[in-house]
Amino acid sequence: MPAVSPFPGAWHTRVDGALKVTGRAPYAGDFAARGLAHGWVVSAAIAKGSIARIDMRAALAVPGVLRVYTHKKRPGAAWFNYKYHDAVGPPGRPFRPLRDGRIHFSGQPIALVVAEDLETARYAASLVRVEYRPDAATIDVERVRESAAEPTKRRSGPPPEPRGDAAAAMASAPLHVDHEYRVAIEHHNPMELQATTVEWQDDGKITVHDKTQGVLNTRSYVSAVFGLSPDKVHVVAPYVGGAFGIGLRPQYQLFLAVMATLDLQRSVRVTLTRDQGFSVGYRPDTLQRVALGADRDGHLQAVMHDAIAGTSRFEEHQESVVDWSGLAYQCDNVKLTYRLARIDTPTPTDMRAPGATLGVYALESAMDELAHAAAIDPIELRLRNYAERDQNEDKPFTSKELRSCYQEGARRFGWDRRSAAPRSMRDGHELIGWGMAGGIWEAMFTKTSARASVERGGHVEVGVATSDIGTGTYTVLSQIAAHTLGIPIERVSVKLGDSSLPQAPVEGGSWTATSAGSAVAAACEALRNDLFKSARRIKSSPLSRSRFADLRLVDDRIQHRDDHSRAVTLADVLQAAGVEKLEANKTAKPSLIGSKRAASYTHSAIFAEVRVDEELGVVRVTRVVSAVAAGKILNPITARSQILGGVVMGIGMALFEETQRDDSLARFMNRNLAEYHLASNADIRDIDVVFVDEQDDRISPLGAKGLGEIGIVGTAAAIANAIFHATGRRVRELPVTLDELL
Ligand code: MOS
């Protein structure tokens, strides 16, 4: 391989930052189209049952209304379930909008009103009269926990087989903790609402501006459901206003907007309201029991982790909730179980670090309880049980610098000044608590393709079909391209979020920097080699005898490193090749060594300080230190932002975020941002992000592991542990609210 120096990981501000702050980065619901019509969704008022009668006469009579679609009056779409499967959907029968008169969840779309303008559509939608035949429903996992069963089909592997004899080891262990933990239902609530604008083109093709984390997933769904050949469906999502997982699967506004467009042969936009956004995916309600047995020195002798997670009646959404408990610590006797309980909600959807956010919260809370029971410092307990190998899979790690995270995080936080006893630190009427927890997330690499091209002026364009969901993908890919080609970043444009670009999986799982980054590096390296080869080959080239290592791409020419007069212009190279631009395509895949023989994970240690008002019970998170081991850091600015965002969401999970339900209505109730509380600026104080050194040459040549999710994992546990340290009160249900502390 020609020598491209290791990626330096220099900081760079966001290349798309100016577009975003000046409103020039359009989102799915922003795109204009000639003759655009507007759809408004009518949502079911019951959670289960059927539609007895639906009367749309009054709606249709409103001037400006074009159509009202219902299950009775719906243009053709695929009948079979399997046509509605998407690339990341779970096993089951996907929801088919307007398929029939049955209601599966509160807020299910039951009609779409399309009008000349949005206000008319909204008003007319309020005139649609519906009579229902309701059935009894429940959305409370607790009420159906007895019915919980293992998934009938697996989305990925089941939890690892039991090892050793956990029950016997637990019974003989001198120290035990055994508790149930619960986390409130959470909704993703990105700033950008679910939206799709479909542009009808006169040649029968459609351009779909969809709020999605995967343009190719959207394209294959639309083409299968509506029987269109993929070349008739162009999907674009250049910018995504936050998603956190809700854009992984096609959502129902996509179906409705495409359906109406094809029927009317006219462009249509459907944007869901914030309220309707509570009738799509969510982080599933999960009941967890964690039991730990240890000897008097805190060495784990048994680990048991059982989870019961909610899913819909029609699909088996699955997450890795319990697997972490067999992985995080050295223990010979482990039993992990994961079951699903069906309730009358939409299907849950992956939400930032799905599974780990829940499972590691429970495990790291239990570890804190064990540390307290054993009177061992929480870090020391973790060090005594440090896992040098992935015991779930019996593999070494590609790298694991978690010890440095403990060490560096503790140092920055000042952990050695902590007094161990609960309620022993205070400042006036405020109790002060210091807690910590570990975090872990998979470091994945998924097959991804990229192309790179250069035109005569020396401008390089790089394209991948992946999206930038706000994580900094445009920026790191620009840096990687510029570095590989040895040119300034200003000479690179990155194109993303377009189904005509080279194949990429959905942007998710924290795999994009590694996967798309490796593909871009490979494509740019191939382009550079082609360029240099062509420059040497050109007739009477002054570079004919130069080594690649001595050649540089500078502006619009290729020149010798030491003697700039020896140069060939790009114009001459392209002319000799008979092309407008030179282009290279490459696909990056994980190496067998990295993926099969070793396990790759990101790790973190999170330290939190809380202050609890003794009279009011109010909790404030005044300091967080998140120390992260994630391999090579490609860009310290965007990397830090990812961890900050994850920590903020973790603070929200610990103290605020909670989708409330009324089970008599089987409905989520606080369907707006006034009542669904996200952490806001006033809730956030000091957050210190540390990246420890971690060399990982096995995961990919870039050595990076991805950062989109690790920031949230473990954060809520660190805060709950700090609350215990402050107050002596162990709350095992998130969010922790002040009434539990009074
Ligand atoms: Mo993520 S939950 O894979 O967007």
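What counts, and where the lines are drawn
Residues numbered from 1 in each chain as written. Predicted model: local features only at pLDDT ≥ 70, side-chain atom pairs only at ≥ 80, totals over all residues. Heavy atoms only, no water. Helix = DSSP H or I, 4+ residues; strand = E, 2+ residues; numbered from the N terminus. Buried < 20%, exposed > 50% of the residue type's maximum accessible area, 1.4 Å probe, protein only. Patch = residues over 30% accessible without salt bridge, like charges linked within 9 Å, V, L, I, M, F, W, Y side chains within 5 Å. Areas by Shrake-Rupley, 256 points an atom, 1.4 Å probe, with all protein chains shown as cover. Salt bridge = Lys/Arg side-chain N within 4 Å of Asp/Glu carboxyl O. Domains from an automatic or database assignment. Contact = heavy atoms within 4.5 Å. Buried area = accessible area lost by both parts, 1.4 Å probe. Polar contact = N/O pair within 3.5 Å; in protein donor to acceptor, adjacent residues only side chain to side chain. Nonpolar A, V, L, I, M, F, W, Y, C, P; charged D, E, K, R; others polar. Phe/Tyr/Trp six-rings, centres within 6.5 Å; stacked < 30°, edge-to-face > 60°. Lys NZ or Arg CZ within 6 Å of the ring centre and 35° of its normal. Pairing = 2+ DSSP bridges. Axes fitted to C-alpha atoms, helices over the stretch in contact; angles between N-to-C directions. Expected span 1.5 Å × (residues − 1). 1 Å grid on protein atoms, 1.4 Å probe; cavity = no way out; pocket = protein on both sides within 12 Å on 5 of 7 lines; lining within 4 Å. Points joined across faces, edges and corners; volume = space filled by probe spheres on them. Core = buried A, V, L, I, M, F, W, Y, C linked by side-chain atoms within 4.5 Å.

Student: Before we move on, could you go through unusual backbone geometry and cite the residues and values that matter?
Tutor: In this structure, P735 follows L734 across a cis peptide bond, with omega equal to -5°. In this structure, P735 sits in the segment after β31 (733–734). Positive phi, close to 55°, is recorded for L98, a residue that is not glycine. You can call L98 buried: its relative accessible area is 3%. Located in the positive-phi region is F244, a residue other than glycine, with phi close to 60°. Turning to its location among the elements, F244 is positioned in the loop between β10 (233–236) and α6 (252–264).

Student: I'd like to hear about the environment of L216, residue by residue, with values.
Tutor: By the secondary structure assignment, L216 is in helix α5 (residues 215–226). Put simply, L216 and D86 are 130 residues apart on the chain and 9.9 Å apart in space, counted from C-alpha to C-alpha.

Student: Before we move on, can you summarise a nonpolar patch on the surface with the specific residues and values?
Tutor: Residues W79, F80 and Y82 make up a contiguous nonpolar surface patch of about 430 Å² in total accessible area. Mapped onto the elements of the fold, F80 is located in the loop between β3 (65–70) and β4 (102–103).

Student: Give me the domain arrangement of the protein chain: which residues, what numbers.
Tutor: Partitioning the protein chain into domains gives domain 1 (17–23 + 446–589), domain 2 (37–136 + 191–243 + 247–279) and domain 3 (166–186 + 282–444 + 596–740). Relative placement of domain 1 and domain 2: their C-alpha centres are 39 Å apart. Domain 1 puts 18 residues into the contact, and the matching count from domain 2 is 18 residues. Between domain 1 and domain 2 lies a buried interface of about 1400 Å² when both sides are counted; carbon and sulfur atoms form 57% of it. When residues of domain 1 are sorted by the area they lose upon contact with domain 2, I469, S499 and V506 head the list and together hold 41% of the total. Our count for the domain 1 to domain 2 interface comes out at 0 salt bridges. At the surface where domain 1 touches domain 2, the tally comes to 5 residue pairs in polar contact (both at pLDDT 80 or more). Residues that form the side of domain 1 that touches domain 2 fall into these classes: 7 nonpolar, 7 polar and 4 charged.

Student: Describe the pattern of salt bridges, listing the residues and the values that go with them.
Tutor: All told, the structure shown has 50 salt bridges when counted by the stated rule. A salt bridge links D344 to R313; the shortest N-O distance between them is 2.8 Å. Of this pair, D344 sits in the loop between β14 (334–342) and α8 (356–374) while R313 is found in the loop between β13 (300–311) and α7 (324–327), placing the two residues 31 residues apart along the sequence. Accessibility expressed as a relative area gives 2% for D344, which makes it buried. Classification of R313 as partly exposed rests on a relative accessible area of 34%. Among the salt bridges present, the one from E614 reaches R423, with a minimum N-O distance of 2.7 Å. Of this pair, E614 sits in the loop between β26 (601–613) and β27 (619–629) while R423 is found in the loop between α10 (402–413) and β17 (426–427), placing the two residues 191 residues apart along the sequence. Taken together, the salt bridges that share partners define one network made up of D140, E142, R145, E180, R182, D285 and R661.

Student: Help me get a handle on the packing of aromatic side chains, residues and values and all.
Tutor: As enumerated under the stated definition, the model contains 19 aromatic pairs in all. Geometrically, the ring pair formed by F95 and F314 is tilted, given 6.3 Å between the ring centres and 45° between the ring planes. On the criterion of sequence distance, the pair formed by F95 in the loop between β3 and β4 and F314 in the loop between β13 and α7 is long-range, its members being 219 residues apart. Take F95 and F314: they sit in the same class, and that class is buried. Taking the centre distance of 5.4 Å and the plane angle of 70° together, the rings of Y282 and F668 count as edge-to-face. Taken together, the residues span a long stretch of sequence, with Y282 in the loop between β11 (268–271) and β12 (286–294) and F668 in strand β29 (residues 667–668) at a distance of 386 residues. What makes Y282 buried here is its relative accessible area of 0%. For F668, a relative accessible area of 4% corresponds to the buried category. An aromatic cluster is defined as three or more aromatic residues linked by ring pairs; in this entry it consists of Y84, Y221, F226 and F255. Sitting above the plane of the Y386 ring, R403 keeps its charged end 3.9 Å from the centroid.

Student: Provide a residue-level description of the sheet that holds β11, including the pertinent values.
Tutor: Within a sheet, each strand pairs with its neighbour through backbone hydrogen bonds, oriented either parallel or antiparallel. Strand order in the open sheet made by the 7 strands is β3-β5-β1-β11-β8-β9-β10, with mixed pairing throughout. Whereas interior strands pair on both sides, the edge strands pair on one side only; in this sheet they are β3 and β10. Within the sheet, the average angular offset between the axes of one strand and its neighbour, ignoring direction, is 20°. Of the strand pairs in this sheet, strand β1 (residues 37–43) and β11 are connected by 3 bridges, and their pairing is parallel. Following the sheet pairing, H38 is matched in β11 by R269.

Student: Run through helix α15 (residues 636–655), naming residues and quoting values.
Tutor: In this model α15 runs 28 Å from its N-terminal to its C-terminal C-alpha over 20 residues, within 8% of the 28 Å that 1.5 Å per residue would give. If you check the start of α15, you find a side-chain oxygen 2.9 Å away from the backbone N of I637, and it comes from N635.

Student: Pulling in residues and values, what's your account of the sheet that holds β17?
Tutor: Spatially, β17-β18-β26-β27-β30 is the arrangement adopted by the 5 strands of the open sheet, whose pairing is mixed. For this open sheet the edge positions go to β17 and β30 (686–691), each flanked by a neighbour on one side alone. Pairing of strand β18 (residues 430–442) with β26 involves 13 bridges; the strand directions are antiparallel. Across the sheet, W434 pairs through a bridge with E609, a residue of β26.

Student: Got a sec to walk through empty space enclosed by the protein? Specific residues and values, please.
Tutor: Under the criterion given, the structure shown has 6 cavities of 30 Å³ or more. Taken as a whole, the largest cavity holds about 260 Å³ of empty space. In terms of lining residues, the largest cavity is bounded by 19 residues, among which F95, R249, P250, Q251 and E315 are the most central. The two domains that each donate at least three residues to the lining of the largest cavity are domain 2 (37–136 + 191–243 + 247–279) and domain 3 (166–186 + 282–444 + 596–740).

Student: Give a description of the nonpolar core that names residues and reports values.
Tutor: Buried together is how nonpolar side chains tend to be arranged in soluble globular proteins. Ranked by size, the top nonpolar core spans 103 residues in total, and within it L292, F607, V610 and I719 carry the most contacts. Counting residues per element, this core draws most heavily on α8, at 11 residues. Discounting chain neighbours no more than four positions away, the residues touching L292 are M170, L175, H176, V177, L300, A302, V303, L363, A366, M367 and L370.

Student: Outline the side chain of Q213, supporting the account with residue identities and numerical values.
Tutor: With respect to the element layout, Q213 can be found in the loop between β9 (206–210) and α5. Of the polar contacts made by the side chain of Q213, one reaches the backbone nitrogen of L248; its length is 3.3 Å. Excluding anything up to four places from it in sequence, Q213 contacts A243, F244, G245, I246, G247, L248, S467, I469, V506, E507 and G508.

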